[in-house]
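The lines below spell out each chain.
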Amino acid sequence: MKIKNVVSEREGFSTKVASYFSSLSSAVGLGNIWMFPVLTGLFGGASFIFCYIFFALLTGIPVMVSEYVIGRRTRTNAIDAFGVLGKPYMKITGVLGLMGCLFILFFYSSVAGWVYSYIGKAITGEFKGISNMPLDQANTVSQEIFNNVINGLMGPFLLQLLVITVVAIVLILGVKRGIERLSKTLMPVLFLLLLICAIKGLTQPGAAEALKFLFVPDISKLNSTTILTAMGLAFFKLSAGSGTQTTYGSYFTGSTNLVSNAIQVCISDIVVSILAGIAIFPVVFTFHLNPESGPGLLFNTIPLLFSKIPMGGLFMTLFFVLTGIAATMAMLSLVEPVVAFLSSKKLLSRNTAILITSSLIAVVGFLTMHQGSYVNTIQLFGLNMSFFDFFNNGSSNYLLPIAGILFSVTTGWMMDSTIFHDEITNNGTTNKKVYPILRIVIRYLTPILILVVFLNAIGILK
Ligand code: TRP
């Protein structure tokens with residue numbers, strides 16, 4: 001099989017460390033700080049977390065490695081990569097992946113907008129009053145603030161536009177200068193700040209109950225929906241099954257160890273999520289909030305947490321600024337694969353592709369934020385759910401895992417095994433022992449596991 005060498009024409013990441021941080025900057029985002037706690041609360045705590053970690057290791061990492069292999073080998077975008085590999089009919093994989101990216105962007109940009117709004121509120125001291133209030137009242141006020149953010153007619157839309165514009169500007173600056181520089185400096189700072197928040201969480205009266213909720217599993221809470229959601233979160237968290245990791249893989253250096261890169265990204269990402277959980281749940285139990293309160297969980301708890309800390313206003317500002325940056329960087333990685341594809345044809349310039357993609361996100365994304373208005377719900381195909389949930393569940397629970405099966409089938413079954421071997425071992429220099437195990441995992445375990453979860457979720461396999 002002849003594979004064109006197009007490396008020299010493309011901009012890429014400069015070092016191995018940059019490969020790690022860039023891939024991590026895609027993984028870490030609202031998924032850790034917002035979605036992980038929300039879902040953990042909704043689906044019963046520890047049993048959900050263990051289930052999620054199980055899928056991150058056995059489906060997330062193998063799919064991520066498959067994507068890296070395809071990306072680095074072909075050095076092209078997530079759709080054309082399959083053409084370069086000589087399997088043009090598998091381009092459907094990339095198409096599903098990019099659809100996943102767009103679905104995610106439609107709702108992710110609105111949540112990122114809420115975060116931006118909280119940056120403004122933290123700076124202007126809107127939560128100052130809370131610190132002197134009794135628990136119940138503080139809680140009510142913080143919920144009111146959140147409801148005002150999400151229910152305004154123009155406000156949420158303008159915030160979403162702001163987010164989309166920021167993302168477009170960073171992308172116009174280019175891969176290396178934009179993504180690489182941002183992620184290398186900011187990821188460590190975000191990590192430190194979360195650590196401080198988690199330590200503060202542990203000093204709350206509700207900490208013991210929270211730790212029990214987070215780490216002592218109750219198997220009776222597991223059912224097919226919980227399992228499907230945990231698997232969906234594993235894909236969403238690692239940005240796997242979307243072409244994002246294929247695209248970033250195509251920017252990796254030849255010396256990057258694809259397997260350890262994936263493992264390091266996955267473990268760091270899990271640690272970040274757990275820290276977010278340890279920061280948030282003690283507040284939930286201290287203030288007797290409902291862990292099942294859904295998308296508002298982060299926004300209702302963080303102001304309460306910081307209201308009890310000296311210099312809380314400053315820390316809270318920092319917290320939302322860093323969350324905003326993490327969300328923005330994750331969004332870069334969602335837009336980049338679409339832009340990389342659109343502009344690869346030479347019909348569109350990179351900047352035009354960025355403009356078109358951003359406009360699409362703004363238009364469709366508008367549907368996800370009209371809480372309570374007539375465009376709020378989708379009735380198609382007998383579904384009765386909000387657009388927000390439709391795009392959210394549709395991407396994480398269906399598009400990403402299905403594309404994930406196809407990514408692993410491509411590397412495991414369709415790709416020449418010597419190519420797979422060379423990419424995993426960097427031409428025989430590392431991972432010699434890991435290779436045979438990984439090959440079995442990618443060929444059998446991962447696709448079968450994903451399939452079983454699906455069949456179970458739709459009731460075919462009980
Ligand atoms: N993983 C990111 C987060 O947790 C979101 C994300 C970025 C993503 N790129 C992706 C999810 C690609 C799925 C696919 O916030």
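Here, the structure is the one placed above.
Residues numbered from 1 in each chain as written. Predicted model: local features only at pLDDT ≥ 70, side-chain atom pairs only at ≥ 80, totals over all residues. Heavy atoms only, no water.

Would you mind going over the overall build of the chain in detail, with residue names and values included?
Of regular secondary structure, the chain possesses 18 helices and two strands. Computed over C-alpha atoms, the radius of gyration of the chain comes to 21 Å, within 12% of the 23 Å expected from 2.2 N^0.38 for 462 residues, which places it in the range of a compact globule. Reported as C-alpha extents along the three principal axes, the dimensions of the chain are approximately 70 × 50 × 45 Å. Looking at the 462 residues of the chain, the share that counts as buried comes to 60%. Accessible area for the chain stands at about 17,900 Å²; split by element, carbon and sulfur atoms hold 68% of it. Distance from the positive charge centre (28 side chains) to the negative charge centre (17 side chains) of the chain: 9 Å. (Helix = DSSP H or I, 4+ residues; strand = E, 2+ residues; numbered from the N terminus. Rg over C-alpha atoms; globule rule 2.2 N^0.38 Å. Buried < 20%, exposed > 50% of the residue type's maximum accessible area, 1.4 Å probe, protein only. Areas by Shrake-Rupley, 256 points an atom, 1.4 Å probe, with all protein chains shown as cover. Lys, Arg positive; Asp, Glu negative; His and termini not counted. Charge placed at Lys NZ, Arg CZ, Asp CG, Glu CD.)

Report on the side chain of Ser396, specifying residues and quantitative values.
Among the secondary structure elements, Ser396 is positioned in helix α16 (residues 387-414). The contact partners of Ser396, leaving out residues within four places of it in the chain, are Gly232, Phe236 and Pro401. (Contact = heavy atoms within 4.5 Å.)

Pulling in residues and values, what's your account of the pattern of salt bridges?
Taken as a whole and judged by the stated rule, the model has six salt bridges. Between Arg72 and Glu423 there is a salt bridge, with the nearest N and O atoms lying 2.8 Å from each other. Note that Arg72 is positioned in helix α3 (residues 46-74) and Glu423 in helix α17 (residues 417-425), a separation of 351 residues in sequence. For Arg72, a relative accessible area of 6% corresponds to the buried category. Classification of Glu423 by relative accessible area gives buried; the value is 8%. Notably, a salt bridge pairs Glu423 with Arg73, separated by 3.3 Å at the nearest N-O pair. Of this pair, Glu423 sits in helix α17 while Arg73 sits in helix α3; the two residues are 350 residues apart in sequence, bridging distant segments of the chain. Look at Arg73 and you get partly exposed, because its relative accessible area is 26%. (Salt bridge = Lys/Arg side-chain N within 4 Å of Asp/Glu carboxyl O.)

Quick one: what's the story with the site of the ligand, residue by residue and with numbers?
By nearness alone, 16 residues border the ligand, and Ala27, Gly31, Tyr108, Phe236 and Lys237 come closest of all. At 3.2 Å from an oxygen atom of the ligand is found a main-chain nitrogen or oxygen belonging to Leu30. Here an oxygen atom of the ligand and a side-chain polar atom of Lys237 are 2.4 Å apart. When the ligand sits alone it has 360 Å² of accessible area, and the protein chains cover 100% of it. If you list the elements that add at least two residues to the shell around the ligand, you get α1 (16-27), α2 (30-42), α5 (91-124), α10 (224-238) and α14 (312-344). The element that contributes the greatest number of residues to the shell around the ligand is α14, accounting for three residues. Looking at the shell around the ligand residue by residue, the classes come out as eight nonpolar, seven polar and one charged. (Near = heavy atom within 4 Å. Polar contact = N/O pair within 3.5 Å; in protein donor to acceptor, adjacent residues only side chain to side chain. Nonpolar A, V, L, I, M, F, W, Y, C, P; charged D, E, K, R; others polar.)

Give a description of the packing of aromatic side chains that names residues and reports values.
Geometry of an aromatic ring pair is reported as the spacing of the ring centres plus the angle between the planes. The final tally for this structure, using the stated rule, is 32 aromatic pairs. On the basis of an interplanar angle of 45° and a centroid distance of 5.9 Å, the ring pair of Phe82 and Phe407 is categorised as tilted. Note that Phe82 is positioned in helix α4 (residues 80-84) and Phe407 in helix α16, a separation of 325 residues in sequence. We note that Phe82, like Phe407, is buried. With 5.0 Å between their ring centres and 65° between their planes, Phe106 and Phe391 make a pair best called edge-to-face. Note that Phe106 is positioned in helix α5 and Phe391 in helix α16, a separation of 285 residues in sequence. Here Phe106 and Phe391 have matching classes, each one buried. Positioned over the ring face of Trp413 is Arg443, at 3.9 Å from the centre of the ring. (Phe/Tyr/Trp six-rings, centres within 6.5 Å; stacked < 30°, edge-to-face > 60°. Lys NZ or Arg CZ within 6 Å of the ring centre and 35° of its normal.)

Help me get a handle on α2, residues and values and all.
In the structure, α2 departs most strongly from a straight axis at Phe36, where the bend amounts to approximately 35° and where the proline Pro37 lies between one and four residues downstream. Most of α2 is tucked away, with twelve of its 13 residues classed as buried. Listed as buried for α2 are Leu30, Gly31, Asn32, Ile33, Trp34, Met35, Phe36, Pro37, Val38, Leu39, Thr40 and Gly41. Once α2 ends, the next one or two residues include Gly44, with phi positive near 95°. (Bend = angle between axes of the 7 residues up to and from the residue.)

Requested: an account of the nonpolar core, with residues and values cited.
Core analysis: the biggest nonpolar cluster contains 148 residues, and Trp34, Tyr108, Trp114, Phe299, Phe319 and Phe320 have the highest contact counts within it. When residues no more than four places from it in sequence are discounted, the contact partners of Phe299 are Trp34, Val111, Trp114, Val115, Tyr118, Ser142, Phe146 and Phe320. (Core = buried A, V, L, I, M, F, W, Y, C linked by side-chain atoms within 4.5 Å.)

Tell me about the side chain of Ser23, and name the residues and values.
When you line up the elements, Ser23 lands in helix α1. Note on Ser23: relative accessible area 0%, which makes it buried.

Residue-level account of a nonpolar patch on the surface, with values.
Together, Trp413, Ile440, Tyr444, Leu445, Ile448, Val452, Ile458, Ile460 and Leu461 make up a nonpolar patch on the protein surface, roughly 860 Å² of accessible area in all. Looking at the nonpolar patch, the element that brings in the most residues is helix α18 (residues 434-457), giving five residues. Summarising the element assignment, Trp413 is placed in helix α16. In this structure Trp413 comes out as partly exposed when scored by relative accessible area, which is 44%. (Patch = residues over 30% accessible without salt bridge, like charges linked within 9 Å, V, L, I, M, F, W, Y side chains within 5 Å.)

Tell me what's going on with unusual backbone geometry, and back it up with residues and numbers.
Although it is not a glycine, Arg75 adopts a positive phi angle of roughly 50°. Secondary-structure assignment places Arg75 in the loop between α3 and α4. Relative accessible area serves as the criterion here: at 12%, Arg75 is assigned to the buried category. Positive phi is not limited to glycine here, since Asn426 has a value of about 50°. Here Asn426 is to be found in the loop between α17 and α18.

So what's going on with the environment of Ile267? Residues and values would help.
Relative to the assigned elements, Ile267 resides in helix α12 (residues 258-286). When the C-alpha atoms of Ile267 and Ile53 are compared, they prove to be 9.4 Å apart, with 214 residues separating the residues in sequence.

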